[in-house]
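# Understanding the architecture of this molecule
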Amino acid sequence: MTIATRFLFRASPLATVARRATVITTPRFAAIRTYASAQSHSGGGGGGGGMGSMLVVAAVSAGAGAASYHYYLQGADTANLKKVAGAAAEGVVAASTSKKEPLDYQKVYNYIATLIEDDNYDDGSYGPVFLRLAWHASGTWDQAAKNGGSYSGSMRFKSESSHSANAGLGIARERLNRVKDKFPDISYGDLWTLAGVCAVQEMGGPTIRWRPGRIDGEEESAPPDGRLPNAARPDPQHSRDVFYKMGFNDQEIVALMGAHALGRCHRHRSGFDGPWTASPTVFTNSFYTELLDRHWVERKWDGPKQFEDKESKSLMMLPSDMAMAKDKEFKKWVEIYAKDEQRFFNDFANAAGKLFELGCNFKDDTKVYEFKRTNE
C-alpha cells in the first residue's frame, strides 16, 4: 500500500518545533495553511512490512526565511525513516542555535503597501479595512481588567473574530496572510497594527510611530464581546464609557473618530450603508468638515437608523458620529480639527499610536519605527 508520511517542523518560535512535529499517514499529501485556531486533521492508514513509496518532508523555519529538506524514499523501511527523521531533527537543532536575523520591518511595510490598492475591491483600496482591523484588534483593551488589545493577536481565534463588530474583517486578515507567508516570523498582532500604520500613511495621513513585540498568544487571551463602540448609540456617554476604559480622553476620542474619513459601511456587515466622505480612500480632516458643513437628516429606509446629507443623499453619518457634533466638549474638538488639518494629523498620530500599543508588554529597548512611505 502506498503511504505518504510527512514530518512537519515549524520553528516560529523554534521552542515549539519538536512539540508540533507530526507524522501523517494518508493516501495523498496536501499542504493547507490555517489560523492557529483551526483544528488539525490526520487520516489513518494501514501498514504492512513493506512500503511502496514514502515521502518525508522536514521544513525548518529559520530567521525570516525557511529551509526545506525533501527526501523521496523508494521501498523505505523503518530504519531508513528513523535516519531521515534524525537528520531532520538535527536540522532543527542547527537552526535553533544559529543566529536569527531580525525582521526588516520597512520591507514588511513596503510589502503591505503593495496589497492596499485593488480596483476590484470596494472603492479601489484595502486601506480602510486594514485600518479597521488594526483598530478593532487594539480597541478591546480594558485598563481595569488588564486584558484585551493587540498584544496576543487573539482575533485569529473564532471566539473573537465572530464578534458582530468584527464582521467583514476576515477579508483583511486573509489578504494580510500573504504578508505572513512572506515574513513568517512576524506575529499577527504586529502584522495587523503595522498594516493599520501603513494604510494611514499610504493614503496620505500622518506618520505613526510603531513598535514590534506582540506575540501569538493563546485563545484564553481573547476579550469578551461588547468592548468596541456601538455605532448605533447616539448618546455621547456611551462613547466616553467605551473609550475611557481604554484610557482615552475626550480630545483623543474625537481625534480617533476622524478615521471615518476613510472607507464606508456595508449593509451585509454592520447593517449600515455608505461612505462618510466623498474621498473614502484619502486620509483628510473631511469627516469633521462634512459633519459640520452639511445638513444631516435621518435616512428613510429599511435599515438601522443612520443619517444622510440632504444636499446629495450620497454620504452618511452614524448615530455615534452625530453625537460628536451635539456634545459641547466633543464639538469643540470637531471644530478645531475641521479648521486645522495639521493639528488633526498630529493628534490622530499620537492617539492611534497609543491605541495600537494598549496592553502591550514591550521590552525597554524595543526600537520605535517611523516608516518611509513608498512614494518617498
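The structure contained in this document is the topic of the report that follows. The shown structure was predicted, so the numbers you read here are calculated from the model rather than taken from an experiment.

## Focus: the sheet that holds strand β7 (residues 296–298)
One open sheet accounts for 3 strands, arranged β7-β8-β9; its pairing is antiparallel. Unpaired on one side and paired on the other, β7 and β9 (316–317) mark the two borders of the sheet. With 2 bridges connecting them, strand β8 (residues 307–309) and β9 associate as antiparallel partners. Paired with Glu308 across the bridge in β9 is Met316.

## Some details on the side chain of Asp142
Along the polypeptide, Asp142 turns up in the loop between α4 (127–138) and α5 (158–161). Here Asp142 is buried and forms no salt bridge, its nearest opposite-charge partner Arg227 lying at an N-O distance of 4.3 Å. From its side chain, Asp142 meets the backbone nitrogen of Ala145 in a polar contact 3.0 Å long. In contact with Asp142, other than residues within four places in its own chain, are Asn147, Arg227 and Lys245.

## Digging into unusual backbone geometry
Within the chain, Asp122 stands out as a residue other than glycine whose phi angle is a positive 45°. As for its placement among the helices and strands, Asp122 is situated in the loop between α3 (105–114) and α4. What makes Asp122 partly exposed here is its relative accessible area of 37%. Even without being glycine, Lys313 reaches a positive phi, approximately 55°. As for its placement among the helices and strands, Lys313 is situated in the loop between β8 and β9.

## Quick notes on the packing of helix α9 (residues 250–257) against helix α12 (residues 328–339)
Two elements in contact, α9 and α12, have axes whose closest approach is 9 Å; the angle formed by their N-to-C orientations is 50°. Here α9 lies oblique to α12, going by the angle between them. The interaxial crossing formed by α9 with α12 has right-handed handedness. Residues Asp250, Gln251, Ile253, Val254 and Ala255 of α9 lie in contact with α12, whose contacting residues are Glu329, Phe330, Trp333, Val334 and Tyr337. Taken together, the residues of the contact of α9 with α12 sort by class into 7 nonpolar, 1 polar and 2 charged.

## Description of the packing of aromatic side chains
With the rule as written, the count across this model stands at 22 aromatic pairs. Judged by centre distance (5.4 Å) and plane angle (75°), the rings of Phe287 and Tyr288 are edge-to-face. Each member of the pair, Phe287 as well as Tyr288, is classed as buried. It is Lys182 that lies over the ring of Tyr111; its NZ or CZ is 5.4 Å from the centre. Its guanidinium or amino end placed over the ring of Trp301, Arg299 lies 4.1 Å from that ring's centre, counting from NZ or CZ.

Definitions and limits used
- Residues numbered from 1 in each chain as written.
- Predicted model: local features only at pLDDT ≥ 70, side-chain atom pairs only at ≥ 80, totals over all residues.
- Heavy atoms only, no water.
- Pairing = 2+ DSSP bridges.
- Helix = DSSP H or I, 4+ residues; strand = E, 2+ residues; numbered from the N terminus.
- Buried < 20%, exposed > 50% of the residue type's maximum accessible area, 1.4 Å probe, protein only.
- Lys, Arg positive; Asp, Glu negative; His and termini not counted.
- Salt bridge = Lys/Arg side-chain N within 4 Å of Asp/Glu carboxyl O.
- Polar contact = N/O pair within 3.5 Å; in protein donor to acceptor, adjacent residues only side chain to side chain.
- Contact = heavy atoms within 4.5 Å.
- Axes fitted to C-alpha atoms, helices over the stretch in contact; angles between N-to-C directions.
- Parallel < 35°, antiparallel > 145°, perpendicular 65-115°, else oblique.
- Left-handed = near helix turned anticlockwise from the far one by under 90°.
- Nonpolar A, V, L, I, M, F, W, Y, C, P; charged D, E, K, R; others polar.
- Phe/Tyr/Trp six-rings, centres within 6.5 Å; stacked < 30°, edge-to-face > 60°.
- Lys NZ or Arg CZ within 6 Å of the ring centre and 35° of its normal.

Just geometry here; none of it tells us what the structure is for.
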